[in-house]
Amino acid sequence: MDMMKPNLYEPADHPQEWTPEMYQKLEQARDIIEEWWLPNRRQLDRLGGVLAMTEMSDIYYGLHKSIIDAGFYGRSIPKEYGGPGWSLYQCGLLSAEITKMAFTKAVDDAFAYGEPWCHILQHWTPDEDTKREYFKRTLDGGFCTIWATDPESGVDMGGMRGSAVLDGDTYVLNGPKWWMAMCSPGPVGLQWHLALLKTDTSKRTSGLSLFIVNDDAPGIIRGREGDLTGARWGCARYELLLKDLKVQKKCLAAPEGKGLYAIVDGMNKHMGNQAFQAVGVSEAAIKQALDYTTTTIRWDHPLIEYQGVHFPIADMWVNAEAARAITAKANKLWDEGDTEAKHGKWSILAFKFAAPAALDACLKTIELMGARAIEREEGWPMELMYRDSMVFQLYRTPNIDRKFLASYLVRRRL
Ligand SMILES: Cc1cc2nc3c(=O)[nH]c(=O)nc-3n(C[C@H](O)[C@H](O)[C@H](O)COP(=O)(O)OP(=O)(O)OC[C@H]3O[C@@H](n4cnc5c(N)ncnc54)[C@H](O)[C@@H]3O)c2cc1C
């Protein structure tokens, strides 16, 4: 049986949504993925983290440099700050396609995905010169990461131990962090970070402040590198110790005491983009399931002709279409400035649906493909896509999203 074009979302079928600039970026992304990622993905994933950077440095840095040279960073930076000013919906549409082409969300992360830090700079950073400086740095290829999680408090950020003490015009930062992305030799540009620490230890969340930290600042001590099962490629994740790290007052990323609110606001936007990555995973999994079941003959018939195979594929499709619909709604409402969307209601609802749907689609496809699904060398990307998608459930954790959504539903803090 010939594999027909599946009835899944294709940019070419939606010319009203894809501007010429978006098409151009899509084609550039396709070229980069085909040249740098697809031929090397198994080795990069196997080595992971710093080993991938050092033992395959030509490929690792070549891939990142081609992303930067093609101008992917800073897509959401507003025009008045020198960026192209893409909407969240436009960023998300591209993210879903990059995720599909690369068979993993981790590659879209390297394309600078939703850039929550740009939102934080734009809406929270008090010092105008600082804001402009770090927008420019982003456009020049300076990746930013968020250093929030403390090893002892986890999702309970208000319980964080790390502190920042003001001494004249300078804050002195001390404290442990873990899971910190990109604190190894950076992709290419001038890296920087947003570090969350307590400026008032007598308070919980309202005592937290957010600081802009340059990657080469003295006082950043790298500890153990995490050896992850998923999201291995792209960046290493470290334990960190900030020790007497000095940050000028003008490098507050948000007013003192508003650090966590700024991060939550940035993440509310970011979840709209993450949900689109999850949609991309679901659609890529369906495509893989169709590729395999239409070309594999068992008992003289392609697998796709058996009714038992229709059921999981139909279920995946229902979820993928529903995830795309709610994610599109969330992103468009955000772009329109809808108040509930700005409070995160829609992006979290969308993510809470799209993320488990993506993992479920991976598992269903793995089951449909049998042993080949976990065979790394044969070229089927399912096990990588599944491992990389697990982080959807770990960044924010589903319970915290449930807690937020239930609070929203009953209109009070729970
Ligand atoms: C691949 C990866 C990359 C990461 N990158 C970064 C990064 O770049 N920067 C950064 O700052 N952090 C990063 N993190 C950390 C991530 O944000 C944390 O893992 C996350 O916040 C959860 O914290 P924790 O793992 O300590 O879980 P815990 O806080 O130990 O929580 C464990 C579980 O308990 C649940 N739980 C906690 N409290 C409650 C409650 N009251 N009611 C019900 N359930 C509850 C949680 O939902 C969770 O499921 C990364 C994590 C991963 C896996």
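Please refer to the structure placed before this passage.
Residues numbered from 1 in each chain as written. Predicted model: local features only at pLDDT ≥ 70, side-chain atom pairs only at ≥ 80, totals over all residues. Heavy atoms only, no water.

(A) Representation of the overall build of the protein chain in the model. When helices and strands are counted, the protein chain shows 14 helices and nine strands. Its C-alpha atoms give the protein chain principal-axis dimensions of roughly 80 × 50 × 40 Å. Burial status across the protein chain gives 56% buried among its 414 residues. Residue pairs in contact within the protein chain that sit at least 24 positions apart in sequence constitute 74% of those at least 6 positions apart. About 17800 Å² of surface is accessible on the protein chain, with carbon and sulfur atoms providing 55% of the total. Taken as two groups, the 48 positive and 55 negative side-chain charges of the protein chain have centres that lie 6 Å from each other. (Helix = DSSP H or I, 4+ residues; strand = E, 2+ residues; numbered from the N terminus. Buried < 20%, exposed > 50% of the residue type's maximum accessible area, 1.4 Å probe, protein only. Contact = heavy atoms within 4.5 Å. Areas by Shrake-Rupley, 256 points an atom, 1.4 Å probe, with all protein chains shown as cover. Lys, Arg positive; Asp, Glu negative; His and termini not counted. Charge placed at Lys NZ, Arg CZ, Asp CG, Glu CD.)

(B) Seen up close, helix α13 (residues 382-389). Within α13, seven of the eight residues are buried, which leaves the element mostly enclosed by the surrounding structure. Looking only at α13, the buried set comprises Met382, Glu383, Leu384, Met385, Arg387, Asp388 and Ser389. Among the structural elements, α1 (20-37), α2 (41-47), α6 (105-110), α9 (259-295) and α12 (345-369) are those in contact with the buried residues of α13.

(C) The arrangement of the nonpolar core in detail. Ranked by size, the top nonpolar core spans 118 residues in total, and within it Trp37, Phe111, Leu173, Leu194, Leu196, Phe211 and Val213 carry the most contacts. If you tally residues by element for this core, the top one is α9, at 16 residues. Leave out the neighbours within four places in its chain, and Leu194 touches Trp117, Ile120, Cys144, Thr145, Ile146, Trp147, Leu210, Phe211, Ile212 and Ala253. (Core = buried A, V, L, I, M, F, W, Y, C linked by side-chain atoms within 4.5 Å.)

(D) Quick look at the side chain of Thr327. Tracing the backbone shows Thr327 in helix α10 (residues 307-336). A polar side-chain atom of Thr327 sits 2.6 Å from the main-chain carbonyl oxygen of Ala323. (Polar contact = N/O pair within 3.5 Å; in protein donor to acceptor, adjacent residues only side chain to side chain.)

(E) The arrangement of unusual backbone geometry in detail. Even without glycine at this site, Trp299 takes up a positive phi of about 50°. By the secondary structure assignment, Trp299 is in the loop between β8 (297-298) and β9 (301-302). We classify Trp299 as exposed; its relative accessible area is 75%. Although it is not a glycine, Thr397 sits at a positive phi angle of roughly 75°.

(F) Spotlight on the pairing of strand β4 (residues 192-198). Burial of β4 is extensive: seven of the seven residues sit out of reach of the surface. Residues Trp192, Leu194, Leu196 and Lys198 line one face of β4 and the alternating positions His193, Ala195 and Leu197 line the opposite face, and both faces are buried. Two elements, strand β1 (residues 144-147) and β4, share four bridges in a ladder whose sense is parallel. Bridge pairing in β4 links Ile146 to Leu194. Inspection of the sheet shows β4 paired to strand β5 (residues 208-214) by seven bridges, in the antiparallel sense. Along β5, the bridge assignment pairs Lys198 with Leu208. (Pairing = 2+ DSSP bridges.)

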